[in-house]
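# Commentary on secondary and tertiary structure
Each chain is listed here by its residues.
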Amino acid sequence: MERRDLTRVYVCPSCQSHTPHTVRAQNGNVYAIVCNQCRMGSLVKGEALRQHHVQWEEELRQILDSLHDWPRQGGGGDGKSPP
Ligand SMILES: [Zn+2]
């Protein structure tokens, strides 16, 4: 038997939080996932899981991009200040 510890970000139907879920089992296109936060199991279709993960990655990328866009506050002021 092959066991993979896949983790997918999904909105937990139980605790409603956007959190990683561990994929415990797969039956065709249906995945049994366990919320890493409340430990409740749920069944979800593969496409929904994948789509959600892609969306989440997109969101993450946007956040990282916006961080990148932030103007750097270069130098200036007295950097080394004693406590
Ligand atoms: Zn949960």
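I will try to describe carefully the structure that is included in this document. Just so it is clear, the structure is predicted and the values come from calculations on it, not from any experiment.

To continue, consider the environment of Tyr10. When you line up the elements, Tyr10 lands in strand S1 (residues 6–11). Residues Tyr10 and Ala48, spaced 38 residues apart in sequence, show a C-alpha to C-alpha distance of 8.9 Å. In contact with Tyr10, not counting residues within four places along its chain, are His21, Ile33, Val44, Leu49 and His52.

With respect to topology, 4 strands assemble into an open sheet ordered S1-S2-S3-S4, the strand pairing being antiparallel. Every interior strand has two partners, whereas the edge strands, S1 and strand S4 (41–45), have only one. Sheet twist, expressed as the mean angle between neighbouring strand axes with direction ignored, is 45°. Strand direction decides the pairing type here: strand S2 (residues 18–27) and strand S3 (residues 30–35), joined by 6 bridges, are antiparallel. Note that in S3 the partner of Val23 across the bridge is Ile33.

Each value, and the rule that gives it
- Residues numbered from 1 in each chain as written.
- Predicted model: local features only at pLDDT ≥ 70, side-chain atom pairs only at ≥ 80, totals over all residues.
- Helix = DSSP H or I, 4+ residues; strand = E, 2+ residues; numbered from the N terminus.
- Contact = placed C-beta atoms within 7 Å.
- Pairing = 2+ DSSP bridges.
- Axes fitted to C-alpha atoms, helices over the stretch in contact; angles between N-to-C directions.

Remember that the coordinates give geometry; whether it matters functionally is a separate question.
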